[in-house]
Amino acid sequence: MPRHFGRESVWVVAMTMLGAGLRLKGLGSIGLEHFDEGIYAQAATWVFSGAGLRWLDPGLIPYAPPGFPVLVGLSSAAIGPSGTAAILVSILSGVLTIPVLSWLSRFALGRGAGAATASLAALAGQHVVFSRTGLTDSTFLLCWSLAMVAGATFLERPTPGRAARLGLAVGLAQLVKYNGWMAGAIVALAVLLGAIRRGEAQRSTPRRLGLGLLAAIISAVVYLPWFLFVERTTGYAGLLAHHRSYVDGLAGWWPNWQLQMAQARAMEGLLGNGVTWAGLGIGLSLIGAAIGQGRSARSWGRLRSLGLPIVLVLATLSIVAPGNLAWWISLAWAPLLLGEGRPSARLVGTWFLVMAASTPLYHPYARLWLPTLAASWVAGGGLIAAFLSWARGRSGQGGEPGPPPSRPARTAVIVPLLAILLAGLDPLLWPGRVRPFPELLSPNDGVRRFSKSLVPGLLGARPDGLHLYTRPTFSFYLRTQGIGPLRIHGDLDSIRTTSPSPGEYAIIDAALGVTPDDLDRLLSSSGWRLHVQETLPTSIATLLDVRPETVFDSARAPLGSEPDSDPSPALDARPRSTVWILGPS
């Protein structure tokens, strides 16, 4: 445990409270919108089955392991089945991630780094957005971060107990998302990097490898029950084939990277006049790191005559920093971290470089960028602390890690300047101008409100049956309203070939890729007619999954209309989706 954490701990608590406030704001206006959220919410009903986890829906298998639905089930048992039960799990996970990453940064990169990382994480717009969903990603990032903490402590002093904690943490991460094993692989790679160094790191490599094998066995044992369940149910080879279908490979790396970076920029959060949440986070990280390192003006070496005021000036200037600055800082600094003497510092550099290089090989879902961003908050916080250490004329404090004595100026001054230059050129690498989301905290409970308005509002009376070609979130909310019977259709052809009876209706969801032309063809060749068309607020997560290029769309037309067909949405660029209700002709 790092010593002298007192001043930093106060700042970390303050940033955690700030992060909690952002993630909890308007909780009553957040609903389940994303396709996968409905899968997880329905799987979480295991808690009411009376049969326990044996009743877990096998339909969950292609989407995620059971970790998140198990937590949502427990939350539902406490507050009742609702979308809020799932969202609260994500919010709590997101809030806890802030101090966990702060501890890791302080442990690996020195005094002041924890406070800086807490500031960056608390105000990270993309993390705020996905913490306010019922998706697995916020919970996964918490488990991933705990695995990195376990990995850092293990690398510094490998013991059987620390190896067991590492294996448990990696196994838990794997039970939340199928790529949780990568946390263990990154720790293993950091061990191998130590093996090529001379000195103590090389001498202790055999012990790390041996205990690392113990950690791998423990993680495999933790995951084994789910592996056996999948193997008995659908076959694990089929699951692997399903996920391989989302791998775009080297051919897709560059366009996927462009989209991931543009999506991150679009979710940095706008405060007005060019100021973003991310810029404010950098400003607060400078102040927090300075407080964590000591507030005495006499301790400020090269800046002795100015002390903390110069930090306040830098913090003020940084709030207009270019987008994705923390990412570019990490890209510039991570290769240098690989040469650090501390194994935990090498782990941070390895984490960032591996995830930054591998994530764009997969389909560019915005939420998959979170582990890469988290690494940038840790590394970025470390570089901010290193800069302030250099400004004080020191290279580390009290035996703690800091800029390497042989190259303090290079790491503490040249690297930030290079990162600012690269971040300023960042937009030139995108295929179009990024349009930031104006309100990251806007209401997004369209499906829930729509479900409540069906009876007696939109339909007038309780239907005799509902045919659904929608996201699973619709069926989840309709069931909680007691509306049914429901028949779930797998495609539009199934709706087209169904002859509706009087009192039956169909609901068609544009978020499944349905266009107005698709709807016209269905109506012209079936016994259905259009009853009502509704445009609903939806989540940023849903919009980016269905139409990721929307970050370049100034109009940001609702899902279910052509992007350039209606210029009026420019007045309200919040995510929206179209739903059609059909009745018998």
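What counts, and where the lines are drawn
- Residues numbered from 1 in each chain as written.
- Predicted model: local features only at pLDDT ≥ 70, side-chain atom pairs only at ≥ 80, totals over all residues.
- Heavy atoms only, no water.
- Helix = DSSP H or I, 4+ residues; strand = E, 2+ residues; numbered from the N terminus.
- Buried < 20%, exposed > 50% of the residue type's maximum accessible area, 1.4 Å probe, protein only.
- Contact = heavy atoms within 4.5 Å.
- Areas by Shrake-Rupley, 256 points an atom, 1.4 Å probe, with all protein chains shown as cover.
- Pairing = 2+ DSSP bridges.
- Axes fitted to C-alpha atoms, helices over the stretch in contact; angles between N-to-C directions.
- Phe/Tyr/Trp six-rings, centres within 6.5 Å; stacked < 30°, edge-to-face > 60°.
- Lys NZ or Arg CZ within 6 Å of the ring centre and 35° of its normal.
- Core = buried A, V, L, I, M, F, W, Y, C linked by side-chain atoms within 4.5 Å.
- Salt bridge = Lys/Arg side-chain N within 4 Å of Asp/Glu carboxyl O.
- Expected span 1.5 Å × (residues − 1).
- 1 Å grid on protein atoms, 1.4 Å probe; cavity = no way out; pocket = protein on both sides within 12 Å on 5 of 7 lines; lining within 4 Å.
- Points joined across faces, edges and corners; volume = space filled by probe spheres on them.
- Nonpolar A, V, L, I, M, F, W, Y, C, P; charged D, E, K, R; others polar.

A. Inspection of the overall build of the protein at higher detail. A tally of regular secondary structure across the protein gives 24 helices and seven strands. Expressed as a percentage of its 585 residues, the buried residues of the protein come to 57%. Partitioning the intrachain contacts of the protein with sequence separation of at least 6 by distance along the chain shows that 77% fall at a separation of at least 24. Total accessible area computed for the protein in this model is approximately 22600 Å², and 63% of it derives from carbon and sulfur atoms.

B. Structural view of the sheet that holds strand β3 (residues 465–469). If you walk across this open sheet you meet the five strands as β4-β3-β5-β7-β6, and the pairing is mixed. A strand with exactly one partner marks an edge of an open sheet, and here the two such strands are β4 (486–488) and β6 (528–537). Strand after strand, the sheet turns through a mean of 20 degrees between neighbouring axes, direction not considered. Sheet analysis places strand β5 (residues 504–509) next to strand β7 (residues 576–584), joined by four bridges and oriented antiparallel. Looking at β7, one finds that I507 is bridged to I581. Relative to the sheet, helix α21 (residues 472–480) contacts β3, β4, β5, β6 and β7, its axis offset from that of β4 by approximately 170 degrees.

C. Spotlight on the packing of aromatic side chains. For the structure shown, the criterion picks out 18 aromatic pairs. Here the aromatic rings of W327 and F352 are separated by 5.6 Å at their centres, their planes lie at 65 degrees, and the arrangement is edge-to-face. A residue pair is termed long-range when its members are at least 10 positions apart, and W327 in helix α16 (residues 325–337) and F352 in helix α17 (residues 343–358) qualify at 25 residues. Relative accessible area serves as the criterion here: at 0%, F352 is assigned to the buried category. One aromatic cluster is present, formed by W253, W254, W257, W327, W328, F352 and W369 through successive ring pairs. Seen from the ring of F107, R342 lies directly overhead, with NZ or CZ sitting 5.4 Å from the centre. Taking the ring centre of Y365 as reference, the NZ or CZ of R367 above it sits at 4.6 Å.

D. Representation of the nonpolar core in the model. W226, W351 and L454 are the most contacted members of the largest nonpolar core, which totals 148 residues. At 13 residues, the largest contribution of residues to this core is made by helix α4 (residues 83–109). With sequence-adjacent residues up to four places away left out, W226 is seen in contact with L56, L60, I61, A64, P65, P66, L175 and Y178.

E. View of the pattern of salt bridges. Per the counting criterion, the structure on display carries 13 salt bridges. The closest approach of N and O atoms between K177 and D137, which form a salt bridge, is 3.2 Å. Taken together, the positions of K177 in the loop between α8 (160–174) and α9 (181–195) and D137 in helix α7 (residues 137–156) put the pair 40 residues apart, joining distant regions of the chain. Between R367 and D545 there is a salt bridge, and its shortest N-O distance comes to 2.8 Å. Here R367 is found in the loop between α17 and α18 (370–391), whereas its partner D545 is found in helix α24 (residues 540–546), with 178 residues between them in sequence. Given a relative accessible area of 8%, R367 falls into the buried group. A single network of salt bridges, built from pairs that share partners, joins D36, D137, K177, R367 and D545.

F. Local environment of α18. The terminal C-alpha atoms of α18, which comprises 22 residues, lie 31 Å apart, in line with the 32 Å expected from a rise of 1.5 Å per residue. Most of α18 is tucked away: 20 of the 22 residues are buried.

G. Local environment of the layout of surface pockets. Reported here for the largest pocket is a volume of approximately 1100 Å³. As for the largest pocket, its lining consists of 42 residues, of which H243, Y246, Y362, Y365 and L368 are closest to the centre. At the level of elements, α2 (35–43), α9, α11 (205–233), α12 (236–244), α17 and α24 are the ones that each hand at least two residues to the lining of the largest pocket. Looking at the lining of the largest pocket element by element, the count peaks at six residues for α12. Taken together, the residues of the lining of the largest pocket break down into 26 nonpolar, nine polar and seven charged.

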